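Analysis of the macromolecular model
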Amino acid sequence: MRRNQVAVVGAAETTELGVIPRMSQIQLHADAALNAIADAGLKLSDIDGLATAVETPQQIAHYLGITPTWVDGTSVGGCSFMLHVRHAAAAIEAGLCKTVLITHAESGKSNIGRTPRMIGPDSLNGQFELPYGVSTPASMFPIPVLRYMKTHGITHEQIAMVAVVQREWAARNPRATMKAPITVADVLNSRMIAYPFRILQCCLVTDGGGALILTSADRAKDFPTRPVYILGTGESVETPMVSQMRSFDSSRAFAVAGPLAFKEAGIAHKDVDHLMIYDAFAHLPLYGLGDLGFMPHEETGQFIADGNTRPGGKLPLNTNGGGLSYMHSGMYGMYALQESVRQMRGIAPAQVPGARISVCHGVGGMFAASGTIIFTNER
Amino acid sequence: MADAARARPKPTPETQHFWDGTRAHELRLQRCDACAHVYFPPRPFCPACASRKVGVFKASGKATLYSYVIHHRPVPGFTPPYAIAVVELAEGPRMMSNIVDCPQTPEALELDMKLEVAFEALDDSITLPLFRPAKD
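Residues numbered from 1 in each chain as written. Chains lettered and ligands numbered in written order. Predicted model: local features only at pLDDT ≥ 70, side-chain atom pairs only at ≥ 80, totals over all residues.

What about the overall build of chain A?
- Across its full length, chain A holds 14 helices and 11 strands.
- Expected size for 379 residues packed as a compact globule is a radius of gyration near 21 Å; at 19 Å, chain A falls within 12% of this value.
- Here the analysis covers contacts within chain A between residues at least 6 apart in sequence; of these, 77% occur between residues at least 24 apart. (Helix = DSSP H or I, 4+ residues; strand = E, 2+ residues; numbered from the N terminus. Rg over C-alpha atoms; globule rule 2.2 N^0.38 Å. Contact = placed C-beta atoms within 7 Å.)

Observations concerning the sheet that holds strand β11 (residues 369-376) of chain A
All names here are of chain A.
- In space, the nine strands of this open sheet follow the order β3-β2-β4-β7-β1-β8-β11-β10-β9, with mixed pairing throughout. Looking at the sheet topology across the chains shown, the edges are occupied by β3 (70-72) and β9 (274-277). The mean inter-strand angle of the sheet, taken between neighbouring strand axes irrespective of direction, is 20°.
- With two bridges joining them, strand β1 (residues 6-13) and strand β8 (residues 228-237) adopt antiparallel strand pairing. In the strand pairing of β8, V8 is matched with V228.
- The strands touched by helix α10 (residues 252-265) are β8, β10 (357-364) and β11; relative to β8, the strand with the most contacts, the crossing angle is about 150°.
- Running over the sheet, helix α14 (residues 333-345) touches β1, β4 (99-107), β7 (207-216), β8, β9, β10 and β11 and is turned about 180° from β10. (Pairing = 2+ DSSP bridges. Axes fitted to C-alpha atoms, helices over the stretch in contact; angles between N-to-C directions.)

Structural notes on the pairing of β9 of chain A
All names here are of chain A.
- Here β9 shows a buried face lined by H274 and M276 and a second buried face lined by L275 and I277.
- In the sheet, β9 pairs with β10 via four bridges, with the strands oriented parallel. Bridge pairing in β10 links L275 to V359. (Buried ≥ 20, exposed ≤ 12 C-beta atoms within 10 Å, placed from the backbone.)

Some remarks on the nonpolar core
- The biggest cluster of nonpolar side chains holds 162 residues, and the ones touching the most others in it are A36, V85 and L214 of chain A together with Y68 of chain B.
- Considering every element that reaches this core, the biggest residue donor is helix α7 (residues 156-170) of chain A, with nine residues.
- Not counting residues up to four positions away in its chain, the partners in contact with Y68 of chain B are I143 and L146 of chain A together with A83, I84, A85, V86 and L109 of chain B. (Core = buried A, V, L, I, M, F, W, Y, C linked by C-beta atoms within 7 Å.)

Concerning the interface of chain A and chain B
- The partner chain B presents 30 residues to the 27 residues of chain A that form the contact.
- Elements supplying a minimum of two residues to the side of chain A that touches chain B: α4 (124-128), α6 (145-152) and β5 (192-195) of chain A.
- Counted by class, the side of chain A that touches chain B contains 16 nonpolar, seven polar and four charged residues.
- Where β5 of chain A lies against strand β4 (residues 62-71) of chain B, two bridges are found, and the strand directions are antiparallel. Directly across from Y195 of chain A, in β4 of chain B, lies its bridge partner I70 of chain B. (Nonpolar A, V, L, I, M, F, W, Y, C, P; charged D, E, K, R; others polar.)

Here we look at the sheet that holds strand β1 (residues 28-32) of chain B
All names here are of chain B.
- If you walk across this open sheet you meet the three strands as β2-β1-β3, and the pairing is antiparallel. The open sheet is flanked by β2 (38-39) and β3 (54-58), the only strands paired with a single partner.
- Of the strand pairs in this sheet, β1 and β2 are connected by two bridges, and their pairing is antiparallel. In the strand pairing of β2, Q30 is matched with Y39.

Some thoughts on the packing of helix α11 (residues 284-291) of chain A against helix α12 (residues 297-305) of chain A
All names here are of chain A.
- Put simply, α11 and α12 touch, their axes get as near as 8 Å, and they point 125° apart. Judged by the angle between their axes, α11 and α12 are oblique. Here α11 and α12 pass one another in a crossing that is right-handed. Between α11 and α12, the residues in contact are P285, L286, L289 and G290 and H297, T300, G301, F303 and I304, respectively.
- Residue composition of the contact of α11 with α12, by class: five nonpolar, four polar and no charged. (Parallel < 35°, antiparallel > 145°, perpendicular 65-115°, else oblique. Left-handed = near helix turned anticlockwise from the far one by under 90°.)

Note that every value here comes from positions in space, so none of it alone points to a role or purpose.
Below, the structure written as structure tokens:
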């Protein structure tokens, strides 16, 4: 895909984040969509492309009153919205539509009007994983981490630092769910969920949503906000069964999607001013740093423990507080994208001064899928 | 009996041979006749070379502990804390399982420890392949 041909011209989250018991999931979609429409200075009738996940495009189109000529219902978990951005950029360039709305919402905490997630007993997951006592993502997503630690020489304290550093970012963000400072000892003494991970290494469970509006870069200058251009994109999938990953030393989906985006963007890692790596659990930023090529996996733990990703560090990472401290409704990728857009607009609560390039990397399922979007505010 | 409510697999035409095997206390894998790739989970073609000429064979039942979590939350059929493991079979493929006849602790569950298959009947038709520390 050509660089900087498509831009984000509208971006917003739901009016509230956290616990929203008076709103159903589809209304959270609408709340985010209407906020993004207002942010872009558009009317709903201006939208001719629509992408969403879990909910179908027809549900969202009908509820909002949109008549699209292009839809994308790609639903590969929490990084679906990274894939939507990539697909939307291609569709806009191909002339299939002009103005795309991407919505996410999840009543992850209050569970109102939520789409059920079922694993059939005759599916491969149902036959070859479910009988061994997996249940929530917390029981599955950390399964690879002990192997990763042994192979790469990563310590429990280094992984605990992921949560500590992200709490430092969250403390700067008025909308973050968890703001009180924590220490490595706090993390390693918090309630055990699934060894080796304790509750402070697991994502939050909240309600919320977000929406993005994309259009061609040529039109983007006519919008009220600073355009945020799509510089590079990548996507891939591996397996819905965490047990069947090629290796636990690395994520194949990450290692395909990330480098693809860097190649398309034509940038080097030293060019990156701001980084988001979807952190459903505390090991994901380590996998991301290694698989996206920032450094060998052996160095990821020490890199974070040394403070390189904290406020003032050389590689600001998960600057909204992440899924561990900002919010996590179930499909967090949309919130990572929102923070990248805020950073590129220069309006983030914990703004990285002068940031010009932001890399936003998402995961879907338990390393099952991945999407990477590289943004810039310079065309 | 806690195990009564454990999630029960439902075989499909492509996986029936595996579950017939565990019921007969055999761990059955598939091997490609064309490229010799050994694979799991079951399917009637080779995921490495796409050949439909594949055979079923009895695996050794030997494995090593690849990785795991020790789950501390309640799940139907399980008494926490219990380990959810991924084992690496001697023939190459990996599979999820539980580790039995072993304390469910980080001290007892050492990565790369030698394991052997242990069959546990859920009912008359379904037997699960679990693993225990190898005797030798």
